[in-house]
Amino acid sequence: MATPSSPPRSEPAALAAPSTTQRKRVLELLTLLTGLAALVVMVLDLVVARPDEREDWIAGILLGFSVLAYAMVRWDRMRYVPHLIVGGTLGAAILSVISYGSVRTAVGFLFVAAVAGAGTFLGRTALIVTVTTSVVALGILTLAESQGWLSATPYFEVGVRVWITHSVTLIVVGVMVYHSGRQLRDAFERQKEALELHKKAAQERDRNLERFARIFHTSPSPMLAQSARSGMILDLNPAFERCYGYSKAQTLGRQDDFLWASAEQRETYTAKLFDKRRVEQFPARGLRADGSTFEALVSSEMGDDREDKLVMTIITDVSAQNEVMERLRRSEERFAKAFNFSPLNMTISRVADGSFIEVNQAEDRAQGLSASEVKGKTSLEIGAWLTPQDREAFVARLLRDGHIDSYETRMRHKDGSLVDTRLWAELIEIDGEPCILSCSANINEEKQRETLLLNVARGVASETGEAFFSALTRHLCETVGADMVVVGEIRDDGRVRSLAIRQKGQSRPNFTFSIEGTPCAQTLQQSDMLICTDGLAVRFPQARSLIDSGCQAYLGKALRDADGTPIGVIFALWSGPVDLGRNAQALISIFASRANAELVRLRRDREIQRLNETLELRVRERTADLQSLNAELDSFAYSVSHDLKSPLRAIDGFTQLLAEEVGPRLNEDEQQLLQRVLNATERMGSLIDDLLALARVSQGVLEREKVNLSRMVEGILEDERHKQPQRHIELRIAPDLHAHCDPHLARIVLENLLSNALKYSSRQARTVIEWGQLPPVGSEPPMFYVRDNGVGFNMAYADKLFKPFQRLHMPSEFEGTGIGLATVRRIIERHGGQITGDSTPGDGARFCFHLGG
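Anyway, here's the lowdown on the structure attached to this text. (Residues numbered from 1 in each chain as written. Predicted model: local features only at pLDDT ≥ 70, side-chain atom pairs only at ≥ 80, totals over all residues. Heavy atoms only, no water.)

## Some remarks on the sheet that holds strand S1 (residues 223-227)
Remark on secondary structure: sheet strands pair via backbone hydrogen bonds, oriented parallel or antiparallel.
(1) Moving on: One open sheet holds the five strands; their spatial order is S2-S1-S5-S4-S3, and the pairing between them is antiparallel. At either end of the open sheet lies a strand with only one pairing partner, and these are strand S2 (233-236) and strand S3 (278-287). Between one strand axis and the next, the sheet turns by 25° as a mean value, whatever way the strands run.
(2) Moving on: Across seven bridges, strand S4 (residues 293-302) lies against strand S5 (residues 310-317) in antiparallel orientation. For Glu301, the partnering residue across the bridge sits in S5 and is Met312. (Pairing = 2+ DSSP bridges. Helix = DSSP H or I, 4+ residues; strand = E, 2+ residues; numbered from the N terminus. Axes fitted to C-alpha atoms, helices over the stretch in contact; angles between N-to-C directions.)

In structure tokens form, the structure reads like this:
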């Protein structure tokens, strides 16, 4: 009998489990039906059939097979149950034919049931065997029946037993057909689900491949795919091309030996890869296309594909990283050297508890402690902070700002004294823990100097003038311990007159002395201080007054003007030898600088006072000269203009007579020449009139009164409109604008400004003349203005507007002499006022002015 085929290996166990359970239930049902049918037939044979017609033994055999098959199903020994049922049914069919004596009886259904069972529960081989056995058995039995070899008489009667046999057979066949269809449907569903799973797996594989390809080609690290069998390069990413300088076309299909700078490294790497199937962070030197090499870490993994093993490799260029690490190492080395060999006391302590981790070997000038006495202890234990609150405030500021510069505090020296200290600190991190890198300096001496300088500054800052020098000599004597301090000023004759003298704690009367042969003469000749700490009599034997007073030491400095000229001297004397350190010299330099500045200021004050005494007289004299000169100029201009009128009238009169007498006899060109003479005399007459007007405005007494300028403007413009009735003139006049001025001169100003406005806007179809007042700016009085919409002018030539005979337009364009605006400015300046003009070519002009107070 054939063996059942096992499920395909690729089919999931979850799909196979329901089929096994169903198979068990169907086999249980078939064995029960077969056994029940056999039992019923056997009982009917025993009760109904005649003894010679009984076939209960066949039903008993089939019942026995059914009971055995059921027991095997219950014991989960189902592998051979279908074989047992099919074999029992086929055997019962053959025995029933022999027993009935004919193949034409109902037992033929049993052959059909056996074949259906084999086709449903068994494999192809078992089905072929069952069909072949049934065909051969039926053939032999048919032959036997036809030859009369069967001993039994054919029995064709029908009854309950036949019906039961047929019914049970049909039920069993129906169950098997149902089971077979169910198996087909289940198999189809399982295949369908398997196909869906396969499709999903393929899609996931495609997505993974796409993700891998995207990662492969976009990775910033160089990546390489090779065949493990041949070593051939199959693919590489753009980062690889950028790193090595080879293009993909130059690389694909080649071995990777040209990428290694060292063949020995490649052999070691290859052996390790084939041994471990995985290599991580293998240090090597890569070889680029340009021949340069670089430090690299190579990581590779070999795949499990038996057909063609794939090696994936990632190369990490660590040249820059190694260079950074080397720079970091050198930086740390430099830091260690700077830390350990610094002449300043430097420490590293923890932020958490203030314990010292590192201390350099420099001398601790603040606390006097050695490195061994500090390391391992906290800052509070060694007295670096007087109270925990002081350290907390320091740490809080450091955590806030990240660093601290010039932090002043007080520390306790190991001898118990308090020391003024200045700290510099930086917040750093060591092994993930915040620490403080600090440097300290003892500033006790600096504080003392500051206190001394502050006292000195307070002593000399409150005085000025000659009283200052008295205070300065007193404080300088106290500061440097001198027996005498003198500040003197050089006179014009080269002698020195003292400004203040302090001797043995007492002020002395000022006097004048010669510096010849004294240390003061040499002091004035050099730019720095002259210092003689001992033997003054030996160095300056001619300074008898100093020698007689018992002085042995001298320190002096010249006081100079801004140009370097000596103007004084400050010096100190001691009756015995002295040791002048840098601090004493620095203090004397400060005193000398302050004395120099005060002496320069005093001399300037004297000069200013002297100049002030003569200034008023010189101003009066200069004013009188200017007034006389202006009067002479005005008189000259008036005389010249007046004297020119008579000859000009004669030229004009005789030219007119000449034109009347000979005019008809002249040709056209000669008449034009004669007319040009007449025009020139007329223009010259206008110029003389304007000059006379300009001269007159500078003469006479200015008589101020309150004048309504708006009403004056209206009158002037009304007269102009009568003169030019053909023009369309729009007037915009602000009413009731008053000024305190001379009304006659004010009218000349307005007539000139308004006539200019009308003249230069004559080419406009509609003339607009505007009169108004601008708001005041600051303390300046408000400005009046005259505006027109005429041709305007270029502001680049605005400086010519108010100069006599200067014009911005050609005479052929607009008539005029160039005196009008000069006259306007002269009148306004006589009033103490100011006038300005602004314009844009083609957009009119505006003149603004005020007439003073």
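After that view of the structure, there is still more to cover.
## A short note on helix H12 (residues 388-401)
Residue pairs three or four apart in sequence face the same way in an α-helix, which turns once every 3.6 residues.
(1) Moving on: Between its first and last C-alpha atoms H12 spans 20 Å; for 14 residues at 1.5 Å apiece the expected length is 20 Å, and the two agree.
(2) Moving on: All buried positions along H12 are accounted for by Arg391, Phe394, Val395 and Leu398. Taken end-on, H12 shows its buried residues confined to a sector of 95°, consistent with a single buried face. In H12, the exposed positions angled more than 90 degrees off the buried face are occupied by Gln389, Glu392 and Arg400. (Expected span 1.5 Å × (residues − 1). Buried < 20%, exposed > 50% of the residue type's maximum accessible area, 1.4 Å probe, protein only. Arc of directions from axis to C-beta.)

## Quick notes on the pattern of salt bridges
(1) Moving on: Throughout the structure, instances matching the rule amount to 31 salt bridges.
(2) Moving on: For Glu301, the salt bridge goes to Arg278, with nearest N and O atoms at 2.7 Å. Taken as a pair, Glu301 in strand S4 and Arg278 in strand S3 lie far apart in primary sequence, 23 residues in all.
(3) Moving on: Residue Arg278 is classed as partly exposed on the basis of its relative accessible area of 41%.
(4) Moving on: Between Asp548 and Arg544 there is a salt bridge, and its shortest N-O distance comes to 3.7 Å. Taken together, the residues span about one helical turn, with Asp548 and Arg544 both in helix H17 (residues 544-548) at a distance of four residues.
(5) Moving on: Look at Arg544 and you get partly exposed, because its relative accessible area is 48%.
(6) Moving on: A single salt-bridge network, built from bridges that share partners, covers Arg594, Glu598, Arg601 and Asp605. (Salt bridge = Lys/Arg side-chain N within 4 Å of Asp/Glu carboxyl O.)

## Here's the deal with helix H20 (residues 709-723)
(1) Moving on: Over its 15 residues, H20 extends 21 Å from the first C-alpha to the last, a length consistent with the 21 Å expected when each residue adds 1.5 Å.
(2) Moving on: Turning to H20, its buried residues are Leu709, Ser710, Met712, Val713, Ile716, Leu717 and Glu720. Taken around the axis of H20, the buried residues stretch over an arc of 155°, which confines them to a single face. The exposed set on the far side of H20, more than 90 degrees from its buried face, consists of Arg711 and His722.
(3) Moving on: Summarising the contacts, the buried residues of H20 are in contact with strand S18 (705-708), strand S19 (729-733), strand S20 (738-741), helix H21 (743-760), strand S21 (767-773) and strand S22 (784-788).
(4) Moving on: The N-capping residue of H20, defined by a side-chain oxygen 3.2 Å from the backbone nitrogen of Ser710, is Asn708. (Contact = heavy atoms within 4.5 Å. Polar contact = N/O pair within 3.5 Å; in protein donor to acceptor, adjacent residues only side chain to side chain.)

## A word on unusual backbone geometry
(1) Moving on: With a phi angle near 50°, Gln281 is a residue other than glycine that sits in the positive phi range.
(2) Moving on: Locating Gln281 in the fold gives a position in strand S3.
(3) Moving on: You will see that Lys504, though not glycine, has its phi angle at about 50°, which is positive.
(4) Moving on: Secondary-structure assignment places Lys504 in the loop between strand S12 (496-503) and strand S13 (506-508).
(5) Moving on: In this structure Lys504 comes out as exposed when scored by relative accessible area, which is 59%.

## Some remarks on the packing of aromatic side chains
(1) Moving on: For the coordinates displayed, the defined rule picks out 16 aromatic pairs.
(2) Moving on: Seen from their ring centres, Trp260 and Tyr269 are 5.1 Å apart, and the 35° between their planes marks the pair as tilted. Here the two residues Trp260 and Tyr269 agree in accessibility, since each one is buried.
(3) Moving on: Above the plane of the ring of Phe258 lies Arg254, whose end atom (NZ or CZ) is 3.8 Å from the centre. (Phe/Tyr/Trp six-rings, centres within 6.5 Å; stacked < 30°, edge-to-face > 60°. Lys NZ or Arg CZ within 6 Å of the ring centre and 35° of its normal.)

## Quick look at the nonpolar core
(1) Moving on: By size, the foremost hydrophobic cluster in this structure holds 35 residues, and its most contacted members are Leu709, Leu750, Leu753, Leu754, Trp771, Phe847 and Phe849.
(2) Moving on: Looking at this core, the elements that each hand over two or more residues are H20, S20, H21, S21, S22, helix H22 (820-830) and strand S24 (845-850).
(3) Moving on: Core analysis: the next-biggest nonpolar cluster, separate from the first, contains 28 residues, Phe469, Leu476, Ala500 and Ala592 among them. (Core = buried A, V, L, I, M, F, W, Y, C linked by side-chain atoms within 4.5 Å.)

## A look at the sheet that holds strand S10 (residues 433-442)
(1) Moving on: If you walk across this open sheet you meet the five strands as S7-S6-S10-S9-S8, and the pairing is antiparallel. The sheet is open, and its two borders are formed by strand S7 (356-359) and strand S8 (403-412), each paired with just one other strand. Sheet twist, expressed as the average angle between the axes of neighbouring strands with direction ignored, equals 30°.
(2) Moving on: Judged from the 10 bridges that link them, strand S9 (residues 418-430) and S10 form a sheet pairing that is antiparallel. Counterpart to Ile430 in the pairing with S10 is Glu433.
(3) Moving on: Across the face of the sheet, H12 comes into contact with strand S6 (345-350), S8, S9 and S10 while running at roughly 170° to S8.

## Some remarks on the packing of H21 against H22
(1) Moving on: Orientation of H21 relative to H22, taken along the N-to-C sense of each, is 145°, at an axis distance of 9 Å. Considering the relative orientation of H21 and H22, their crossing is left-handed. Packed against H21, whose contacting residues are Leu745, Ile748, Val749, Asn752, Leu753 and Asn756, the element H22 presents Gly820, Leu821, Thr823, Val824, Ile827, Ile828 and Arg830 at the interface.
(2) Moving on: When the residues that make up the contact of H21 with H22 are grouped by side-chain class, the tally is eight nonpolar, four polar and one charged. (Left-handed = near helix turned anticlockwise from the far one by under 90°. Nonpolar A, V, L, I, M, F, W, Y, C, P; charged D, E, K, R; others polar.)

## Notes on the packing of H20 against H21
(1) Moving on: Contact geometry of H20 with H21 gives a least axis separation of 10 Å together with a crossing angle of 50°. If you check the angle between H20 and H21, you find them oblique. The hand of the H20/H21 crossing is right-handed. Residues Leu709, Met712, Val713, Ile716, Leu717, Asp719 and Glu720 of H20 form the contact with H21, whose own contacting residues are Pro743, Ala746, Arg747, Leu750, Glu751, Leu754 and Leu758. (Parallel < 35°, antiparallel > 145°, perpendicular 65-115°, else oblique.)

## Some thoughts on the pairing of S2
(1) Moving on: Here three bridges tie S1 to S2, and the two strands are oriented antiparallel to one another. Each residue of the ladder has a partner; that of Gln226, found in S2, is Ile233.
(2) Moving on: Taking the residues that link successive antiparallel strands as the turn, the S1-S2 hairpin has five residues, and the phi of Gly231 there is positive, at about 75°.

## Details of the pairing of S21
(1) Moving on: Within S21, six of the seven residues are buried, leaving the element largely enclosed by the surrounding structure.
(2) Moving on: Bridge analysis of S19 against S21 gives five bridges, and the strand direction is parallel. Residue Arg732 lies in a different strand from S21, and its bridge partner there is Glu770.
(3) Moving on: Here S21 runs beside S22; their pairing, made up of five bridges, is antiparallel. Each residue of the ladder has a partner; that of Glu770, found in S22, is Arg787.

## Topic: the side chain of Ser299
(1) Moving on: With respect to the secondary-structure elements, Ser299 resides in strand S4.
(2) Moving on: For Ser299, a relative accessible area of 18% puts it in the buried group.
(3) Moving on: Within polar-contact distance, the side chain of Ser299 engages the backbone nitrogen of Gln281 at 3.0 Å.
(4) Moving on: When residues no more than four places from it in sequence are discounted, the contact partners of Ser299 are Val279, Glu280, Gln281, Met312, Thr313 and Ile314.

## Thoughts on the side chain of Thr523
(1) Moving on: Summarising the element assignment, Thr523 is placed in helix H15 (residues 519-525).
(2) Moving on: Taking relative accessible area as the criterion, Thr523 reaches 0% and is therefore assigned buried.
(3) Moving on: If near-sequence neighbours (up to four positions away) are discounted, Thr523 is found in contact with Leu530, Tyr554, Gly556, Lys557, Ala558, Arg560 and Val569.

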